[in-house]
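Descriptive analysis of the structure
Listed below, chain by chain, are the residues.
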Amino acid sequence: MTIKPTGDDLHTVFARSDLGGDDRLDLMEFGLLLDSLGLSWTRSEIQDRFERADTDRDGFISFAELRVLLEAQGWAPGGVRFARG
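Note that the coordinates shown come from a computational prediction; the quantities given were computed from them, not determined experimentally. (Residues numbered from 1 in each chain as written. Predicted model: local features only at pLDDT ≥ 70, side-chain atom pairs only at ≥ 80, totals over all residues. Heavy atoms only, no water.)

So, on to the overall build of the chain. A tally of regular secondary structure across the chain gives 4 helices and 0 strands. In the chain, the order of α-helices and β-strands from amino to carboxyl end is α-α-α-α. In the chain, which comprises 85 residues, the proportion classed as buried is 36%. A fraction of 58% describes how many contacts in the chain between residues 6 or more apart in sequence connect residues 24 or more apart. (Helix = DSSP H or I, 4+ residues; strand = E, 2+ residues; numbered from the N terminus. Buried < 20%, exposed > 50% of the residue type's maximum accessible area, 1.4 Å probe, protein only. Contact = heavy atoms within 4.5 Å.)

Structural data, given as structure tokens:
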């Protein structure tokens, strides 16, 4: 099931996916985040969206870049909240 997180929840999912603890996601961590959200994109779709979201071309996705990507996908803030636990 796909879940649309709100601001704080999205930040929590981002932090959990940030295995390096460097406040940015590499491609593998980005895939983990998508899995956490229930998004089942193909490897090619993940790569494409990663490249489009990485607007500063540093090879990583920041939280701000992630928010822009999700909002462009119709995931505006204020959606369904994650269950706690």
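Judged by nonpolar contacts, the single largest core of 19 residues is most densely connected at F30, L33, L34, L37, I61 and L66. Of all the secondary structure elements, the ones that give two or more residues to this core are α1 (7-17), α2 (27-37), α3 (43-53) and α4 (63-72). (Core = buried A, V, L, I, M, F, W, Y, C linked by side-chain atoms within 4.5 Å.)

Taken as a whole, this structure holds 2 aromatic pairs when the rule is applied. Above the face of the F60 ring, R24 is positioned so that its terminal group lies 3.5 Å from the ring centre. In this structure, R49 packs its charged tip against the face of W41, placed 4.1 Å from the ring centre. (Phe/Tyr/Trp six-rings, centres within 6.5 Å; stacked < 30°, edge-to-face > 60°. Lys NZ or Arg CZ within 6 Å of the ring centre and 35° of its normal.)

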